[in-house]
Amino acid sequence: MFVSLSTDFGASSTAICAGVVHSIAPRATVLVLSDEIGQYRIVEGAMLLRRALPYLPVGVHMGIVDPGVGTSRRPVAVETVRGDVLVGPDNGLLVPAAELLGGIATVHRLDNPDYRLPRVSGTFHGRDVFAPAAAHIALGADLDTLGVELAADDLVTLDIPAPQVGEGELVLPVLYTDEFGSLVLGGERADLSAALGLRELAGTRVVVAWTGPDGEPRTVAVPFEHTYGAVPAGQPLCYEDSSGWLGVAVNQGSAARRLGIAPGDVITLRADQG
Amino acid sequence: MFVSLSTDFGASSTAICAGVVHSIAPRATVLVLSDEIGQYRIVEGAMLLRRALPYLPVGVHMGIVDPGVGTSRRPVAVETVRGDVLVGPDNGLLVPAAELLGGIATVHRLDNPDYRLPRVSGTFHGRDVFAPAAAHIALGADLDTLGVELAADDLVTLDIPAPQVGEGELVLPVLYTDEFGSLVLGGERADLSAALGLRELAGTRVVVAWTGPDGEPRTVAVPFEHTYGAVPAGQPLCYEDSSGWLGVAVNQGSAARRLGIAPGDVITLRADQG
Amino acid sequence: MFVSLSTDFGASSTAICAGVVHSIAPRATVLVLSDEIGQYRIVEGAMLLRRALPYLPVGVHMGIVDPGVGTSRRPVAVETVRGDVLVGPDNGLLVPAAELLGGIATVHRLDNPDYRLPRVSGTFHGRDVFAPAAAHIALGADLDTLGVELAADDLVTLDIPAPQVGEGELVLPVLYTDEFGSLVLGGERADLSAALGLRELAGTRVVVAWTGPDGEPRTVAVPFEHTYGAVPAGQPLCYEDSSGWLGVAVNQGSAARRLGIAPGDVITLRADQG
């Protein structure tokens, strides 16, 4: 059975969770998908899982970005229609990936003390609650034995603004910045096509508009291209990223640093009239 | 057989050691426990091993933070009563974990050239000495063939001040800061209970006192809680961490940065009279 | 079969590539050799592969530092005389390692859509092109089915200046800085012996000369030693590094930061007349 782990813990605490899985399920293949999610960044973690899990084997996938550890937030196992089980806190982290993996089949609360470590700390549920549950599920534990079943629509969902398709403009949130500093936007190519009234975006110039850290409006005009190297090194571009989101990047550079835009900011894309 | 690696090397040099293990013992399960130990921070590495190994399968565990590589410090294999073999430099790194894993059963010096790579460099014993020894032990090599047996009390030990339980105050060292910037202190809940004369700490307010970088005394009063989320985001707390150490953290923030306290500093905890 | 991955992607995008390999070749042993290569640093990546692969099992080794992703640069598989297959972009990254693994046996372009994911993005060929090719090669795919065979001397090679052995001096490039900030130089011990007219370097003092960031010439005299700990903490030394390159390091410190020298700089080593 295949088990993946994605956390905002850094290397060692993530590997301790992997060690718990190896201890309980010695034959599982264990992959650390990420130990580098931005700390407490639930949206970034959710988008990582959504981006990655379609490319991983069907398996048990732990996702932990858990600022509410030890409080009343619920630990859950979310079974997908594809056959995966996503294990983590009920704070929205697991939902976008589950929806992409065919949708949510069942949700169970992780209550059963037999599937926890004997002593559960107040601050490290990755080790004490989520990793043992994931390992037991990988070993074939029946999901009904984990704890009470919950309604799928009872899960906490992420609070991300939807893209707004207007007359000639598209307003959308910055979901996260990737390892290269590229901005991943909460809208798709079809949204931009609809907003601009263009079937084909390649070669179009787009104006990116946002509010700078000083409160002043800023804009930059960029071409819509299929890859970074279509513009000179150091130049910005708009593109469809490898997950199907719209993106703004700088070839061989960091758009986040260059433009001063951060996750959670809202930006507008318009046709370039110039 | 299970082999773990913990180093201050970063990703690639740690993975080269893993590659050596895979080359010699292709069926071993190999886990990088950490490649992110602070460089040359022996105490931090020792505390990582102590915190992690109880949650890993019984196996061979390499620990390498080795500022004395290539000098006269001894390479050793420390067998624990639990059945693990800890492999690394004799500089104190392996001792606290071995003591927690039932205690030290045997110690051998790694002398045998058959269990080293053919050519041993002056600067990369992780690759040339420790990884091949770990792999051969994982394959079942008799510990007596590694090299001469040493007395356990001949091992170098860490120089960490013990917690001082005084009248109404507890003085203790900062062992290390974790990935979130939380301070892990060299004392336990029972020490604080004894110092404050309180059987139950939950809900107590504690004054944390230390000397700032400018030499001036500083204090902050914090509640003793069971988890971060028991205080508002950005607020400090005192708690028992997931390894049983006392800790000082900031909910969704970094106590190390907020308070200006670093590993090796000494702090005092007192009852809040206010 | 053994598969390694080395990228400048950071943790999550590298792990997605590993997930693709696990999906296609579930029994492969997969090692992330590095996800920390400096972004766009092809020479650093090439030197990592050259340094690491001799210590890894014979296998399929993906190397991806690919500023030209999605442009006309060619994706290739380079078979070595040792029996490895190196998979990555044709930008020089794979050549030095292949030469060290016995030399290049064959080169194939990765053209066959059966060994790619069904949909190939413009920006993530690690996931869509290289990982599936690596997995299919690990499963035993005949290299001739990957795509057209290319001449080995048609591969792009790195543009690194050769060491210049002069009368009493050696001029060489800084290839990269390692995790500790040590400078790895593009020349070998024998080059320095030849330049200085010395059969034995141990104990010799060497003058390191370079041009500072301000354009001014700088020098520092350092001993040639076999390991860091042969000089006091904080002191610089010259040595043969664990890959056989000449190096300049600071014991328990960073030579790159201390001396202000960066990859791509050129330095001169001379005998110390003082």
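Going by the structure above, here's the rest.
Let me sum up the structure you'll find in this document. (Residues numbered from 1 in each chain as written. Chains lettered and ligands numbered in written order. Predicted model: local features only at pLDDT ≥ 70, side-chain atom pairs only at ≥ 80, totals over all residues. Heavy atoms only, no water.)

### Points about the sheet that holds strand 7 (residues 149-150) of chain B
Residue and element names in this part refer to chain B. Rules: In this analysis, strands are considered paired if DSSP registers two or more bridges between them. By definition, any uninterrupted DSSP run of H or I lasting at least four residues is a helix, any uninterrupted run of E lasting at least two residues is a strand, and each is numbered from the N terminus. Only heavy atoms matter for contacts: two residues are in contact if any of them lie within 4.5 Å across the pair. The angle between two axes is taken between their N-to-C directions and runs from 0 to 180 degrees, where each axis is a line fitted to C-alpha atoms and a helix contributes only its stretch in contact.
The strand order across the open sheet built from seven strands is 2-1-3-5-4-6-7, with neighbouring strands paired in mixed fashion. The open sheet is flanked by strand 2 (29-34) and strand 7, the only strands paired with a single partner. Helix 4 (residues 125-138) contacts strand 1 (2-7), strand 3 (60-64), strand 4 (75-80) and strand 5 (85-89) of the sheet and is inclined by roughly 165° relative to strand 3.

### A short note on helix 5 (residues 189-196) of chain B
Residues and elements named next belong to chain B. Rules: Buried means the residue's accessible area, taken with a 1.4 Å probe over protein chains only, is under 20% of the maximum for its type, while exposed means over 50%, and partly exposed covers the values in between. The arc refers to the directions leading from the helix axis to the C-beta atoms.
Turning to helix 5, its buried residues are Leu-192, Ser-193, Ala-195 and Leu-196. What you see down the axis of helix 5 is that its buried residues fit within an arc of 165°, all on one side. Exposed positions of helix 5 whose direction lies more than 90 degrees from the buried face are Ala-190 and Ala-194. The elements touched by buried residues of helix 5 are strand 8 (164-165), strand 9 (169-177), strand 10 (183-188), strand 11 (205-211), strand 14 (245-250) and strand 15 (266-271). Immediately beyond the C-terminal end of helix 5, within one or two residues, lies Gly-197, with a positive phi of roughly 65°.

### A look at the pairing of strand 1 of chain B
Residue and element names in this part refer to chain B. Our working definition: Handedness of a crossover is defined as follows: orient the strands so they point away from the viewer, and if the path from the first strand over the helix to the second runs clockwise, the crossover is right-handed.
Of all six residues that make up strand 1, six are buried, and the element is covered over most of its length. Sheet analysis places strand 1 next to strand 2, joined by five bridges and oriented parallel. Counterpart to Ser-4 in the pairing with strand 2 is Leu-31. Assessed by its sense of winding, the connection that carries the chain from strand 1 through helix 1 (residues 11-24) to strand 2 is right-handed.

### Regarding the interface of chain C and chain B
Under the convention used in this document: The quantity reported as buried area is the accessible area (1.4 Å probe) lost by two parts once they are put together, taken as the sum for both. For salt bridges, the criterion is a side-chain nitrogen of Lys or Arg within 4 Å of an Asp or Glu carboxyl oxygen.
If you look at the interface, chain C gives 27 residues, while chain B gives 26 residues. With both chains or domains summed, chain C and chain B bury close to 2200 Å², and 57% of this area falls on carbon and sulfur atoms. Its salt-bridge partner being B:Arg119, residue C:Glu240 comes within 3.4 Å of it at the nearest N-O pair. At the level of secondary structure, the elements contributing two or more residues to the side of chain C that touches chain B comprise strand 2 (29-34), helix 2 (42-52) and strand 13 (236-240) of chain C. The biggest single contributor to the side of chain C that touches chain B is strand 2 of chain C, with five residues.

### What about the pattern of salt bridges?
Residues and elements named next belong to chain C. According to the stated counting rule, one finds 39 salt bridges over all chains in the structure shown. Ionic pairing is found between Asp-154 and Arg-74, a salt bridge with its closest N-O pair at 3.1 Å. Here Arg-74 lies in the loop between strand 3 (60-64) and strand 4 (75-80) and Asp-154 lies in the loop between strand 7 (149-150) and strand 8 (164-165), a separation of 80 residues in the sequence. Overall, the relative accessible area of 17% leaves Arg-74 in the buried class.

### Some points on the packing of aromatic side chains
Note on aromatic pairs: each is described by the distance of the centres and the angle between the planes. Heads up, the condition is: Here the aromatic set is Phe, Tyr and Trp, taking the six-membered ring for Trp, and pairing holds for ring centres within 6.5 Å; pairs whose planes are under 30 degrees apart are stacked, those over 60 apart are edge-to-face, and all others are tilted.
This structure, assessed with the given rule, holds nine aromatic pairs over all chains. Pairing B:Tyr40 with C:Phe180 gives two aromatic rings, centres 5.5 Å apart and planes at 40°, and the pair type is tilted. In this pair, B:Tyr40 is assigned in the loop between strand 2 and helix 2 (42-52) and C:Phe180 in the loop between strand 9 (169-177) and strand 10 (183-188), connecting two distinct chains. Look at B:Tyr40 and you get partly exposed, because its relative accessible area is 23%. Residue class for C:Phe180 comes out buried when judged on its relative accessible area of 17%. An angle of 65° between the planes, with centres 5.4 Å apart, marks the rings of C:Tyr228 and C:Tyr239 as edge-to-face. Residue C:Tyr228 is located in the loop between strand 12 (217-223) and strand 13, and its partner C:Tyr239 is located in strand 13; the two are separated by 11 residues in the primary sequence.

### Examining the interface of chain A and chain C
The cut-off we apply is this: Polar contacts, as counted here, are pairs of nitrogen or oxygen atoms within 3.5 Å of one another; within protein the pair requires one atom able to donate a hydrogen and one able to accept it, and residues that are adjacent in sequence qualify only if both atoms are side-chain atoms.
Listed as interface residues are 27 residues of chain A and, on the opposing side, 26 residues of chain C. Between chain A and chain C the total buried area reaches about 2200 Å² when both faces are included, carbon and sulfur atoms providing 58% of it. The tally of links from chain A across to chain C stands at 14 residue pairs in polar contact (both at pLDDT 80 or more). Listed by contribution, the elements that provide at least two residues to the side of chain A that touches chain C are strand 2 (29-34), helix 2 (42-52) and strand 13 (236-240) of chain A.

### Overview of the sheet that holds strand 1 (residues 2-7) of chain C
Residues and elements named next belong to chain C. Taken in spatial order, the seven strands line up as 2-1-3-5-4-6-7 in an open sheet, and their pairing is mixed. Edge positions in the sheet fall to strand 2 and strand 7, since each of these pairs with one other strand and no more. In this structure, strand 4 lies alongside strand 6 (residues 104-109), joined through five bridges in antiparallel fashion. Looking at the pairing, Glu-79 lines up with Thr-106 of strand 6. Here helix 1 (residues 11-24) sits on the sheet in contact with strand 1, strand 2 and strand 3, set at roughly 160° to strand 1. On top of the sheet, helix 4 (residues 125-138) reaches strand 1, strand 3, strand 4 and strand 5 (85-89); it is set at about 165° to strand 3, its chief contact.

### Section: the nonpolar core
The nonpolar side chains of soluble globular proteins are, as a tendency, buried together. Residues and elements named next belong to chain B. Applicable threshold: Within this scheme, the nonpolar core is defined by two criteria: the residues are buried Ala, Val, Leu, Ile, Met, Phe, Trp, Tyr or Cys, and they are joined through side-chain atoms within 4.5 Å.
Judged by nonpolar contacts, the single largest core of 63 residues is most densely connected at Met-62 and Val-87. With eight residues, helix 4 is the largest single contributor of residues to this core. Discounting chain neighbours no more than four positions away, the residues touching Met-62 are Ser-4, Leu-5, Ser-6, Cys-17, Val-87, Gly-126, Phe-130, Ala-131 and Ala-134.

### Here we look at the packing of helix 1 of chain B against helix 2 of chain C
Cut-off, in case you're wondering: Oblique is the label for any angle not covered by the other classes, which are roughly parallel (under 35 degrees), roughly antiparallel (over 145) and roughly perpendicular (65 to 115). Whether a crossing is left-handed or right-handed is set by the direction in which the near helix is turned from the far one by less than a right angle, anticlockwise for left-handed and clockwise for right-handed. We call Asp, Glu, Lys and Arg charged. Ala, Val, Leu, Ile, Met, Phe, Trp, Tyr, Cys and Pro are nonpolar, and the rest, Gly among them, are polar.
Look at helix 1 of chain B against helix 2 of chain C: their axes get within 10 Å of each other, and the N-to-C directions meet at 25°. In terms of orientation, helix 1 of chain B and helix 2 of chain C fall into the roughly parallel class. With respect to the hand of their crossing, helix 1 of chain B and helix 2 of chain C are arranged in right-handed fashion. Facing B:Ser12, B:Ser13 and B:Ile16 of helix 1 of chain B, the residues of helix 2 of chain C in contact are C:Leu48, C:Arg51 and C:Ala52. A per-class count over the contact of helix 1 of chain B with helix 2 of chain C returns three nonpolar, two polar and one charged.

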